[in-house]
Amino acid sequence: MGRALVTQQALHDHVLRLGQLHPPIPLGSVDRTVRRPDLVRDQFGPVVDYLARVELEVERNVLELLRLLPRANETDRMFYAEVWHPQETHHGLILDRLQQDLGRPPATTDTRTVSAKIRVLGALSHLRPVHEVTRLLYYLTGAATEKSAVLAYTRLSAGMRRLGETAIARTIIDPIKRQEPGHFAYYALAARSMMQHRLLAPWQLHLARVLRRRSFGLVGANDRAQTADFGALVHRLELTDELPAYAHQISVVERELLWARHEGMHVPQYVLKALEEAVDLHAKGGATPRATGGPRRSR
Ligand SMILES: [Fe+2]
Ligand SMILES: [Fe+2]
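These numbers were taken from a predicted model, which means no experiment stands behind them.

*Asks:* Just to check I follow, could you spell out unusual backbone geometry for this structure?
*Replies:* Negative phi values dominate among residues other than glycine, just as trans dominates among peptide bonds. Non-glycine residue arginine 198 carries a positive phi angle of around 50 degrees. Here arginine 198 lies in the loop between helix 7 (166-196) and helix 8 (202-215). Owing to 8 C-beta atoms within 10 Å, arginine 198 belongs among the exposed residues under this scheme. In the Ramachandran plot, glutamate 238 falls in the positive-phi region, its phi being about 60 degrees despite a non-glycine side chain. In this structure, glutamate 238 sits in the loop between helix 9 (224-236) and helix 10 (243-250). Note on glutamate 238: 11 C-beta atoms within 10 Å, which makes it exposed.

*Asks:* Before we go on, may I ask you to explain the confidence of the model for the protein in this structure?
*Replies:* On average, residues of the protein carry a pLDDT of 93, and 94% of them reach 70 or more. This model gives residues 289-299 a pLDDT under 50, and the stretch forms 15 contacts once residues within four places in sequence are excluded.

*Asks:* Would you mind going over the packing of helix 2 (residues 37-56) against helix 4 (residues 74-101) with me for this structure?
*Replies:* Angle between the axes and distance between the axes: these two values describe a pair of packed helices. At their nearest, the axes of helix 2 and helix 4 sit 8 Å apart, and the two run at 150 degrees to each other. The orientation of helix 2 with respect to helix 4, classified from their angle, is roughly antiparallel. The way helix 2 lies across helix 4 gives a crossing that is left-handed. Of the residues in helix 4, those touching helix 2 at Pro37, Gly45, Val48, Asp49, Leu51, Ala52, Glu55 and Leu56 are Glu88, His91, Gly92, Leu95, Asp96, Leu98, Gln99 and Asp101. Of the residues contributing to the contact of helix 2 with helix 4, the split by class is 7 nonpolar, 4 polar and 5 charged.

So, how was this worked out
- Residues numbered from 1 in each chain as written.
- Chains lettered and ligands numbered in written order.
- Predicted model: local features only at pLDDT ≥ 70, side-chain atom pairs only at ≥ 80, totals over all residues.
- Helix = DSSP H or I, 4+ residues; strand = E, 2+ residues; numbered from the N terminus.
- Buried ≥ 20, exposed ≤ 12 C-beta atoms within 10 Å, placed from the backbone.
- pLDDT = per-residue confidence, 0-100.
- Contact = placed C-beta atoms within 7 Å.
- Axes fitted to C-alpha atoms, helices over the stretch in contact; angles between N-to-C directions.
- Parallel < 35°, antiparallel > 145°, perpendicular 65-115°, else oblique.
- Left-handed = near helix turned anticlockwise from the far one by under 90°.
- Nonpolar A, V, L, I, M, F, W, Y, C, P; charged D, E, K, R; others polar.

Structure representation (structure tokens):
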């Protein structure tokens with residue numbers, strides 16, 4: 001594979017380092033100066049809302065993870081419990097407070113519902129061969145999610161600066177943005193390590209490809225309304241004309257590990273299709289008629 005071997009020790013050290021370098025962002029470190037709340041709300045209100053919700057829903061993601069990976073190893077446990085969960089929760093709290101400072105309602109989150117799909121896969125994961133497939137898919141999902149976050153925060157930071165909202169950019173978006181690449185690196189390294197150690201037989205890899213293709217979803221888009229909201233985020237961050245490049249970036253790990261031998265797969269079609277669908281749904285005015293900007297249920 002032409003890359004250094006990723007050992008369990010290296011993963012463990014990566015997690016320790018992340019914990020030491022990136023404690024959760026203190027809520028008190030935020031400069032809550034907003035120069036033009038009306039303008040920020042108009043331009044980026046839906047983006048802040050989406051990101052706040054997704055960050056706060058890590059509560060549910062932990063429940064999902066416990067179902068999906070009943071045999072999660074100690075490094076995975078340490079990563080999600082001691083690094084990822086506390087950091088993401090603070091991202092969510094800070095963003096949710098920002099949107100309320102902008103005069104928007106707090107995020108409507110679902111922190112408890114574990115979907116039937118996940119419960120079924122979780123039940124099957126009690127069989128060790130399935131567990132390892134699920135574990136690879138979990139890392140690939142994590143990598144795509146974290147890469148999406150990096151892209152979104154990069155665009156949002158630039159957008160806030162363009163509006164002259166340097167306090168928001170400097171004390172909210174940039175500190176959050178700095179914590180996401182370490183999460184991405186964890187999932188990328190963990191997935192690569194599984195492949196390097198040949199933990200999956202060919203039939204398991206085949207199953208992983210089939211499941212990935214069928215189950216790929218954009219982060220936080222669990223129904224049609226949320227998918228349309230993702231489309232709104234893409235639109236507000238001016239990514240609509242860059243969907244292939246966007247898909248290319250968020251699929252970087254799965255292209256390397258699942259599809260490297262499938263020549264011509266520059267971008268997995270299921271990733272690009274999901275993005276196009278979200279943009280389409282948004283362009284059509286969302287999945288269901290509802291007042292723009294108002295509070296709503298997330299499912
Ligand atoms: Fe985050
Ligand atoms: Fe993250």
